[in-house]
Amino acid sequence: MTFRRMPLLPLGGLLLIILAIAGGIFLARAQEHANGRVRHTLEVELRIGEVLELIRKVESNHRGYLIAGNESFPEDMEVAVIQVRARIAELRHLTENNPRQRRALARLAPMIEAKIAFAREGVEMVSRDRRGDAIRLVDTGRGQRLIHRIEGDVAAMKATESALLERRIAAVDAAVWWLIAGLIVAMILVIAVAALTLRDARLRFAAAEAARDAATEAADRMSREAAAREAAEGQVRQLQKMESIGQLTGGIAHDFNNMLAIVIGSLDMARRRMGDPARLTKALDNAREGAERAATLTARLLAFSRQQPLAPVPIDTNKLVSGMSDLLRRTLGEAISVETVLAGGLWRTFADPSQIENALLNLAVNARDAIAVTGSESGRLTIETQNASLDDDYARQRTEVMPGQYVSICVSDTGSGMSPEVIERAFDPFFTTKEVGKGTGLGLSQVFGFVKQSGGHVAIYSEPGEGTTVKLYLPRYTGPLGEALPVVSAGAIPEGSADEIILVVEDEQRVRHYSVDALRELGYTAISAGDGREALELLAENPSIVLLFTDVIMPEMNGRRLADEARALRPALQVLYTTGYTRNAVVHNGMLDPGVAFLPKPFTIEQLARKVREVIDGRGANR
């Protein structure tokens with residue numbers, strides 16, 4: 001006997017049990033039906049008795065009024081009339097499937113109506129002072145004859161229902177007997193099948209114990225192997241994590257130390273060259289270059305971590321790429337040709353145009369360096385735009401990709417290409433295959449962070465010696481186009497006038513003094529406050545203030561709350577925010593809030609001059 005074959009006898013027993021149970025259910029339902037019929041018969045008998053009782057009540061109220069003349073008797077009689085007619089209607093419904101009782105009820109109903117009419121006639125005579133006529137009407141014996149006939153018919157109907165009740169009770173008893181018998185048979189079959197299967201179960205249990213022991217041993221062995229494998233994988237992940245952190249911190253420390261060395265060394269040289277203007281200027285320029293490189297490094301790290309503040313607008317990508325052609329040609333040099341293939345009917349996307357330009361410039365510089373590695377004196381960079389739809393299959397194969405419609409920007413070069421190992425690490429910060437001093441390893445990581453923060457996707461296709469293609473997918477924009485952003489000229493630094501008063505709010509004293517000095521250098525009248533409460537007092541005292549230039553992160557009252565309270569006092573007041581940390585009250589999900597004008601720290605006097613001028617003139621808010 002094996003686990004795959006069930007013995008025929010237990011199977012037959014099981015079938016008998018099922019049949020017995022089905023028979024028991026059938027008999028139980030038959031019993032329930034018989035009980036219902038018994039209850040129906042009892043209800044008919046009850047209603048027949050109530051009819052006789054009510055018609056007698058009509059008779060007694062009739063005679064009582066005739067004898068005593070009490071006005072309550074006619075009222076009680078009419079109540080009894082209503083009730084007896086209701087019982088007759090109920091009997092018609094209850095006996096609709098019993099022809100014999102229907103015929104008896106058809107004879108009884110007219111007699112009851114005749115008796116009611118007889119009683120009402122007597123009551124009417126008494127109420128008209130014709131008591132003698134009413135007594136003579138009773139003496140005729142017509143009312144008594146009607147009562148006797150009604151009683152006879154009611155007795156016949158009761159007898160019919162009694163006989164029917166006996167038959168139905170007998171049917172209930174039979175159903176109960178058969179139900180008990182069925183249950184006994186089912187119990188016997190259950191015991192028989194249990195006895196027959198117990199022996200087989202013992203044999204199977206012994207075999208199952210052996211199989212269980214073998215399975216337990218195998219499961220323990222697999223658990224030990226899985227635990228060992230998980231521990232090894234955890235160690236590998238930890239090593240990889242530590243390696244990535246080490247690479248990131250090492251890269252940051254290396255670059256920042258180099259830049260700080262430039263800044264500190266140049267400032268030290270500037271101090272020593274105070275008497276030589278030319279050499280002093282050179283030292284200051286070197287210090288500024290080092291500081292700007294440090295600021296750029298911070299911006300790239302924020303881009304990689306998707307924390308940079310973006311100011312997205314609807315973009316015509318074809319127009320943006322066309323406008324960059326001259327810049328790319330100047331950056332790459334005459335030896336590298338730049339070609340653009342622009343798709344017709346290109347969708348618009350919603351992104352920060354300056355970040356797209358930075359991304360394309362980064363990719364172009366990488367392409368130039370890759371072409372130089374080949375030793376070729378010439379090369380080609382191709383930028384192609386097209387509409388793209390990423391389906392579910394594509395999204396399932398790549399993490400963090402949402403299926404949908406995108407605007408694609410493909411940047412291809414004829415450079416040295418990348419191996420699969422290099423492609424796998426291409427977006428890691430500070431990873432670079434260039435010589436020391438030729439690159440920071442943050443270019444592609446910055447592109448990756450910006451595109452991901454914009455809800456897009458980046459893909460690299462490359463083979464050694466075959467060039468590289470980087471595809472940027474930015475989500476399609478289907479909203480309103482809005483007004484075109486004004487083009488700011490790159491000419492002279494815009495300046496202000498003394499009647500334009502700017503309130504600077506900054507809790508860091510040195511930054512506040514720098515901002516005030518810079519604004520005064522640009523021709524504005526600048527006043528300052530160290531916190532929000534002081535700023536509100538100055539606003540109340542100086543109604544001529546045209547711009548509130550405030551830090552966002554401040555103790556007690558942040559810049560957003562200050563701006564809200566200031567605009568409650570001065571609804572037309574322009575506000576320009578600044579901060580060095582982007583996750584704050586004016587940036588959500590990496591995007592500047594609509595209507596917010598923002599200048600990130602650190603900023604130069606030129607950047608400050610252009611942004612302040614834009615905001616005062618009503619052109620600087622994010623749309």
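For the structure given in this document, a descriptive report is provided here. All values derive from a computational prediction rather than experimental measurement.

For the protein, the count of helices and strands is 15 helices and 14 strands. Within the protein, buried positions represent 38% of all 623 residues. Within the protein, residue pairs in contact and separated by at least 24 positions form 75% of the contacts whose partners lie at least 6 positions apart.

This part takes up helix 12 (residues 509–521). An α-helix turns once every 3.6 residues. As a result, residues three or four positions apart point the same way. With 13 residues, helix 12 extends 18 Å between its outermost C-alpha atoms, agreeing within 8% with the 18 Å of an ideal straight helix rising 1.5 Å per residue. Residues of helix 12 that are buried: Arg512, Ser515, Val516, Ala518 and Leu519. Around the axis of helix 12, the buried residues are gathered within 165 degrees of arc, so they sit on the same side. Among the exposed residues of helix 12, those pointing more than 90 degrees away from its buried face are Arg510 and Glu521. On its buried face, helix 12 sits against strand 8 (501–505), strand 9 (525–529), strand 10 (545–551) and helix 15 (605–616).

Right, let's talk about unusual backbone geometry for a bit. Look at the link from Lys601 to Pro602: it is a cis peptide, with omega at -5 degrees. Its location among the elements puts Pro602 in the loop between strand 14 (598–600) and helix 15. Located in the positive-phi region is Asp129, a residue other than glycine, with phi close to 65 degrees. Asp129 sits in the exposed class, given a relative accessible area of 73%. In this structure, Glu556 is a non-glycine residue whose phi angle is positive, near 70 degrees. Locating Glu556 in the fold gives a position in the loop between strand 10 and helix 14 (559–569). A relative accessible area of 76% means that Glu556 is categorised as exposed.

Our next topic: the nonpolar core. Judged by nonpolar contacts, the single largest core of 35 residues is most densely connected at Val51, Ile55, Val58, Leu108, Ile112 and Ile150. Looking at this core, the elements that each hand over two or more residues are helix 1 (8–68), helix 2 (72–94), helix 3 (99–127), helix 4 (131–139) and helix 5 (142–272). Take this core: its biggest share by element is 12 residues, from helix 3. Setting aside residues no more than four positions away along its own chain, Ile112 makes contact with Val51, Ile55, Val84, Ile88 and Ile150. Membership of the second largest hydrophobic core comes to 34 residues, among which are Val338, Ile371, Val470 and Leu472.

A grouping of Arg37, Arg100, Arg103, Arg107 and Arg167 is seen on the molecular surface, where their side chains present a positively charged patch. For the positive patch, the element with the most residues is helix 3, which contributes three residues. The residue Arg107 is located in helix 3 in this model. With relative accessibility at 49%, the residue Arg107 sits in the partly exposed group.

As enumerated under the stated definition, the model contains four aromatic pairs in all. Ring plane angle 20 degrees and centroid distance 5.1 Å describe the contact between Phe350 and Tyr477, whose orientation is recorded as stacked. Pair noted here: Phe350 is in strand 3 (residues 349–351) and Tyr477 is in the loop between strand 7 (468–475) and strand 8, with a separation of 127 residues, a long-range link. Phe350 gets classed as partly exposed once you look at its relative accessible area, which sits at 34%. Taken together, the aromatic side chains of Tyr514, Phe549 and Phe603 make up a single cluster linked through ring pairs.

Moving on, we get to the pairing of strand 7. Of the pairings in the sheet, the one linking strand 5 (residues 404–413) to strand 7 comprises eight bridges and is antiparallel in character. The residue of strand 7 that forms the bridge with Asp413 is Thr468. One ladder, built from six bridges, connects strand 6 (residues 457–462) with strand 7; its direction is antiparallel. By the bridge assignment, Ala459 is partnered in strand 7 with Lys471.

In this section: the sheet that holds strand 10. Read across the open sheet, the five strands follow the order 9-8-10-11-14; overall the sheet is parallel. The strands lining the two open edges of the sheet, one partner per strand, are strand 9 and strand 14. On average, adjacent strands in this sheet sit at an angle of 20 degrees to one another, irrespective of strand direction. With five bridges joining them, strand 8 and strand 10 adopt parallel strand pairing. Bridge assignment links Ile502 to a residue of strand 10, and that residue is Leu547.

This part covers the side chain of Glu45. Inspection of the secondary structure puts Glu45 in helix 1. Buried charged residue Glu45 carries no salt bridge. Nearest counter-charge: Lys158, at 7.7 Å. In this structure, Glu45 is in contact with Lys158, Glu161, Ser162 and Leu165, ignoring residues within four places of it in sequence.

Right, let's get into the packing of helix 7 (residues 317–332) against helix 8 (residues 353–373). Axis separation between helix 7 and helix 8 bottoms out at 11 Å; the angle between their running directions is 35 degrees. Helix 7 and helix 8 meet at a crossing whose hand is right-handed. Listed contacts from helix 8 to Leu320, Val321, Met324, Leu328, Thr331 and Leu332 of helix 7 are Pro353, Ile356, Glu357, Leu360, Leu361, Ala364, Val365 and Arg368. Looking at the contact of helix 7 with helix 8 residue by residue, the classes come out as 11 nonpolar, one polar and two charged.

Before going further, it helps to spend a moment on the sheet that holds strand 5. The mixed open sheet is built from five strands, whose spatial order is 2-4-5-7-6. With partners counted over all chains shown, the strands left at the sheet margins are strand 2 (336–341) and strand 6, one partner each. Geometrically, the sheet is characterised by an average inter-axis angle of 20 degrees between neighbouring strands, direction not taken into account. With 10 bridges joining them, strand 4 (residues 379–390) and strand 5 adopt antiparallel strand pairing. Across the sheet, Ser389 pairs through a bridge with Gln405, a residue of strand 5. Packed onto the sheet, helix 8 meets strand 2, strand 4, strand 5 and strand 7 and runs at close to 30 degrees relative to strand 5.

This next bit is on the pattern of salt bridges. Two side chains carrying opposite charge are able to pair once their charged atoms lie near each other. Counted under the stated rule, the structure contains 26 salt bridges. The salt bridge involving Glu121 is made with Arg142; its shortest N-O contact spans 3.7 Å. Taken together, the residues Glu121 in helix 3 and Arg142 in helix 5 connect sequence positions 21 residues apart. Residue class for Glu121 comes out partly exposed when judged on its relative accessible area of 34%. Overall, the relative accessible area of 35% leaves Arg142 in the partly exposed class.

Secondary-structure assignment places Arg47 in helix 1. Ignoring anything within four residues of it in the chain, the contact list for Arg47 reads Arg87, Glu90, Leu91 and Leu94.

Criteria and thresholds
Residues numbered from 1 in each chain as written. Predicted model: local features only at pLDDT ≥ 70, side-chain atom pairs only at ≥ 80, totals over all residues. Heavy atoms only, no water. Helix = DSSP H or I, 4+ residues; strand = E, 2+ residues; numbered from the N terminus. Buried < 20%, exposed > 50% of the residue type's maximum accessible area, 1.4 Å probe, protein only. Contact = heavy atoms within 4.5 Å. Expected span 1.5 Å × (residues − 1). Arc of directions from axis to C-beta. Core = buried A, V, L, I, M, F, W, Y, C linked by side-chain atoms within 4.5 Å. Patch = residues over 30% accessible without salt bridge, like charges linked within 9 Å, V, L, I, M, F, W, Y side chains within 5 Å. Areas by Shrake-Rupley, 256 points an atom, 1.4 Å probe, with all protein chains shown as cover. Salt bridge = Lys/Arg side-chain N within 4 Å of Asp/Glu carboxyl O. Lys, Arg positive; Asp, Glu negative; His and termini not counted. Charge placed at Lys NZ, Arg CZ, Asp CG, Glu CD. Phe/Tyr/Trp six-rings, centres within 6.5 Å; stacked < 30°, edge-to-face > 60°. Pairing = 2+ DSSP bridges. Axes fitted to C-alpha atoms, helices over the stretch in contact; angles between N-to-C directions. Left-handed = near helix turned anticlockwise from the far one by under 90°. Nonpolar A, V, L, I, M, F, W, Y, C, P; charged D, E, K, R; others polar.

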